[in-house]
Amino acid sequence: MSAIPNNAAPNTNRVRVRFAPSPTGYLHVGGARTALFNWLFARHQRGAMILRIEDTDTERNKPELVQGIIDGLRWLGVDWDEGPFYQSQRLEMYRAAAQKCLANGSAFLCYCPPDRYAGGDYATDAQDDEPKTSGPRRIVRCTCRDAKPTNPGMKPAIRFKVPAGETIFTDAVFGPGRFSNDEIEDFVLLRSPRGDDAHGLPTYQLGAVVDDIDMRITHVIRGADHISNTPKQVLLYRALGAEPPIFAHVPLILGPDKRRLSKRHGATDVNMYRDEGFLAEAFRNFLALLGWSPGGDQEYLRTTDLLEKFSLEGVSHTNAVFDRPKLEWFNTQYLQKLPIGDLLPDVEAELKRSGLWKPEWASGAGHEWFAKTVDLLRPRVRLLPDFSSWSRAFFTDDFEIDPAAKAKFWKDPQVPELLAKLAEALAAISSAEWTHDACDHALRALAEAEAVKAGLLINATRVAIVGQAVAPPLFDTMVILGRDRVVRRLRRALPALSAA
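Residues numbered from 1 in each chain as written. Predicted model: local features only at pLDDT ≥ 70, side-chain atom pairs only at ≥ 80, totals over all residues. Heavy atoms only, no water.

K.L.:
It is not clear to me how the overall build of the protein chain should be interpreted in this structure. Could you clarify?
P.N.:
Regarding its fold elements, the protein chain presents 18 helices and 12 strands. Scaling as 2.2 N^0.38, a compact globule of 500 residues should have a C-alpha radius of gyration of about 23 Å, whereas the protein chain reaches 32 Å, well beyond that. Taken across its 500 residues, the protein chain has 50% of its residues classed as buried. The contacts in the protein chain between residues at least 6 apart in sequence include a share of 75% that link residues at least 24 apart. Carbon and sulfur atoms form 51% of the exposed surface of the protein chain, whose accessible area is close to 23500 Å². Positive and negative charge centroids in the protein chain, built from 63 and 64 side chains respectively, lie 1 Å apart. (Helix = DSSP H or I, 4+ residues; strand = E, 2+ residues; numbered from the N terminus. Rg over C-alpha atoms; globule rule 2.2 N^0.38 Å. Buried < 20%, exposed > 50% of the residue type's maximum accessible area, 1.4 Å probe, protein only. Contact = heavy atoms within 4.5 Å. Areas by Shrake-Rupley, 256 points an atom, 1.4 Å probe, with all protein chains shown as cover. Lys, Arg positive; Asp, Glu negative; His and termini not counted. Charge placed at Lys NZ, Arg CZ, Asp CG, Glu CD.)

So, in structure tokens, the structure goes:
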């Protein structure tokens, strides 16, 4: 990027968008949705996505959060073509732009105390007993803009001199916007220097506009809470001799109580959903439909579908509601419907995380067994950690038997003898003949011979070989586990049964 703002009009031949998080917090759901919309739009238009870290707020920044933001974007699958660029490394550019505004008369030196201009020049002299109006707050411009400083001994800030008239722009989502400049305060471009500093730090308004000009941003896609910033930025673009980009403000995300989504609604950090075990593509699908629709009733949209269908015309005017049960529904849909080859890498990563992965499952016959096992388990799985917790017995012999399942299905005094006889019957089946039907026949023949219900033996066997009362169909499970493991586990259960 150049050292001073490039004042040429944006290159409309290629879309250029940006995501510009501030490292004052984690990558929250709203920010992730904004990043996703920018990414989908850029990829659909065959444009460029730029990542910019707005880290000039030295008092609130937490540099360690930058990596968390980047990790969250990568998990979400939102990649970028340029960056990350850090505003803290571009300060001279912002100072040059502020000086340009001073030189062309669109800014002035303000010697007011910071707490005075931080209030935005709104009148504060109304008494408590004076009637309050419901209209816009009255702005009182400070005398510094007329070169009459009230406190010339202070180090000055640089503030934008809002002109008379109106500021008009068109929003790609909400349509025409019209703001009276009488209601826009003379906003700060550079804060007053502190201590021995020679220069003050740029504000969000200046940094965002200067970077968007220099980075040739064609579309600014961001949350609707930024609409109030837009007239200020339009004025600043024009003062710097640049054409404003196209603005598109997307609706806010609310909690189920229709309040702005926050920590009180539970997890809002995207990385927390990754850690819980949601599939990135399911989360992406869910997030895309918070404030956007492709038309029609289709909800299950693979990323290729989103990239094909996404447009700003489909963005809603109304706020979206974050519905955790709906997110869980999306995750189960993806677990059940994804081509098995697309799901296996996520399950492999989960098994590696939990220490259950075996290298022989990566190729050949081991990989074929792994794919069949995941396919058997996934209809009953809600989150990825279920593969290493609820389904643990499928991947290791080191598992515990659920006490509640044991109490319910091993209480019949006949169970120890039945399982011992079943182990012998199953051991007699050759490996080549180890099939669903062969296992089914052996168990039911034993139940008939012992004059017990097959259900008694089925439930007791399930607990013995996987440790759970609920699992995939028993005979499919037995085939996946293999004869030797099934027989070994039945025999291993006998001492516990005898001691009960």
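K.L.:
Just checking my understanding: could you explain the sheet that holds strand 5 (residues 157–160) for this structure?
P.N.:
The pairing of strands in a sheet comes from backbone hydrogen bonds and takes either a parallel or an antiparallel form. A sheet is described by the order of its strands in space; here three strands give the open sequence 4-5-8, paired in antiparallel fashion. Every interior strand has two partners, whereas the edge strands, strand 4 (107–110) and strand 8 (188–190), have only one. Averaged over all pairs of adjacent strands, the angle between their axes in this sheet comes to 40°, without regard to strand direction. Where strand 4 meets strand 5, four bridges bridge the pair, whose relative direction is antiparallel. Residue pairing across strands places Ala107 opposite Phe160, the latter belonging to strand 5. Set on the sheet, helix 3 (residues 91–103) makes contact with strand 4, strand 5 and strand 8; between it and strand 4 the angle comes to about 100°. (Pairing = 2+ DSSP bridges. Axes fitted to C-alpha atoms, helices over the stretch in contact; angles between N-to-C directions.)

K.L.:
I tried to follow the packing of aromatic side chains on my own but got confused; where do I start?
P.N.:
Describing an aromatic ring pair means giving the distance of the ring centres and the angle of the ring planes. Following the criterion strictly, the structure yields 21 aromatic pairs and no others. For the pair Phe169 and Phe247, a centre-to-centre distance of 6.2 Å together with 65° between the ring planes defines the contact as edge-to-face. Linking Phe169 in strand 6 (residues 166–171) with Phe247 in strand 10 (residues 246–250), this pair joins segments that are 78 residues apart in sequence. Under the relative-accessibility criterion, Phe247 is labelled buried at 1%. Ring geometry for Trp329 versus Phe330: centroids 5.1 Å apart, planes at 80°, classification edge-to-face. Residue class for Phe330 comes out buried when judged on its relative accessible area of 2%. A network of ring pairs unites the aromatic residues Trp75, Tyr273, Phe278, Phe283, Phe286, Phe322, Trp329 and Phe330 as a single cluster. (Phe/Tyr/Trp six-rings, centres within 6.5 Å; stacked < 30°, edge-to-face > 60°.)

K.L.:
Is there a simple way to explain the nonpolar core in this structure?
P.N.:
Here is a general trend for soluble globular proteins: nonpolar side chains tend to be buried in one another's company. Among the nonpolar cores identified, the biggest contains 113 residues, and Phe370, Leu419 and Leu426 are the most heavily contacted of them. Top contributing element to this core by residue count: helix 1 (residues 29–44), with nine residues. What Leu426 contacts, discounting residues up to four positions off in sequence, is Trp434, Cys439, Ala442, Met478, Arg483, Val486, Val487 and Leu490. The next biggest cluster of nonpolar side chains, apart from the first, holds 32 residues, and it includes Ala48, Ile50, Leu91 and Met215. (Core = buried A, V, L, I, M, F, W, Y, C linked by side-chain atoms within 4.5 Å.)

K.L.:
Can you help me understand the environment of Arg46 in this one?
P.N.:
Within the secondary structure layout, Arg46 lies in the loop between helix 1 and strand 2 (48–53). For the pair Arg46 and Val15, spaced 31 residues apart in sequence, the C-alpha to C-alpha distance is 7.3 Å.

K.L.:
Before we go on, may I ask you to explain helix 11 (residues 340–353) in this structure?
P.N.:
Residues lying three or four places apart along an α-helix face the same way, a consequence of the helix completing one turn every 3.6 residues. Taking 1.5 Å of rise per residue, the 14 residues of helix 11 would be expected to cover 20 Å, and the 20 Å separating its terminal C-alpha atoms lies within 8% of that figure. Among the residues making up helix 11, those that are buried are Leu343, Leu344, Val347, Glu350 and Leu351. Along the axis of helix 11, the buried positions cluster into a sector of 130°, meaning they face one direction only. Tucked into the core, helix 11 has its buried residues touching helix 10 (324–337) and helix 12 (364–377). Looking one or two residues beyond helix 11, the residue adopting positive phi is Gly355, at roughly 80°. (Expected span 1.5 Å × (residues − 1). Arc of directions from axis to C-beta.)

K.L.:
Looking at this structure, how should I read the pairing of strand 6?
P.N.:
The two faces of a sheet get side chains in turn, since along a regular strand they alternate between them. Where burial is concerned, the two faces of strand 6 differ: the one with Thr167, Phe169 and Asp171 is buried and the one with Glu166, Ile168 and Thr170 is not. Summarising the sheet, strand 6 and strand 7 (residues 175–180) pair through six bridges and their orientation is antiparallel. Bridging from a neighbouring strand, Thr170 pairs with Pro176 of strand 7. Hairpin connection, strand 6 to strand 7: the antiparallel pair is bridged by three residues.

K.L.:
I'm lost on the packing of helix 12 against helix 17 (residues 474–481) in this one. Help?
P.N.:
For any two helices packed against each other, the geometry comes down to the angle between their axes and how far apart the axes lie. Interhelical geometry of helix 12 versus helix 17 gives an angle of 160° and a closest axis separation of 10 Å. Regarding the angle of helix 12 to helix 17, the classification is roughly antiparallel. Where helix 12 crosses over helix 17, the two elements pack in a sense that is left-handed. Packed against helix 12, whose contacting residues are Trp369, Lys372, Thr373 and Leu376, the element helix 17 presents Asp476, Thr477 and Ile480 at the interface. The residue makeup of the contact of helix 12 with helix 17, split by class, is three nonpolar, two polar and two charged. (Parallel < 35°, antiparallel > 145°, perpendicular 65-115°, else oblique. Left-handed = near helix turned anticlockwise from the far one by under 90°. Nonpolar A, V, L, I, M, F, W, Y, C, P; charged D, E, K, R; others polar.)

K.L.:
What should I look at first to understand the side chain of His249 in this one?
P.N.:
Here His249 is to be found in strand 10. Within the local environment of His249, its side chain forms a polar contact with the side chain of Asp171, the two groups lying 2.4 Å apart. Leave out the neighbours within four places in its chain, and His249 touches Asp171, Val173, Phe174, Arg222, Gly223, Ala224, His226, Ile227 and Thr230. (Polar contact = N/O pair within 3.5 Å; in protein donor to acceptor, adjacent residues only side chain to side chain.)

K.L.:
Explanation requested: the sheet that holds strand 1 (residues 16–19) in the structure shown.
P.N.:
Pairing is parallel in the open sheet, where three strands are placed in the order 1-2-3. Both edges of this open sheet fall to strand 1 and strand 3 (82–86), since each of them pairs with a single strand only. Taking the axes of each pair of neighbouring strands and ignoring which way they run, one obtains an average angle of 25° across the sheet. Looking at chain direction, strand 2 and strand 3 are connected through three bridges and run parallel. Looking at the pairing, Arg52 lines up with Phe85 of strand 3.

In short, the description is geometric, and any link to function would need to be established separately.
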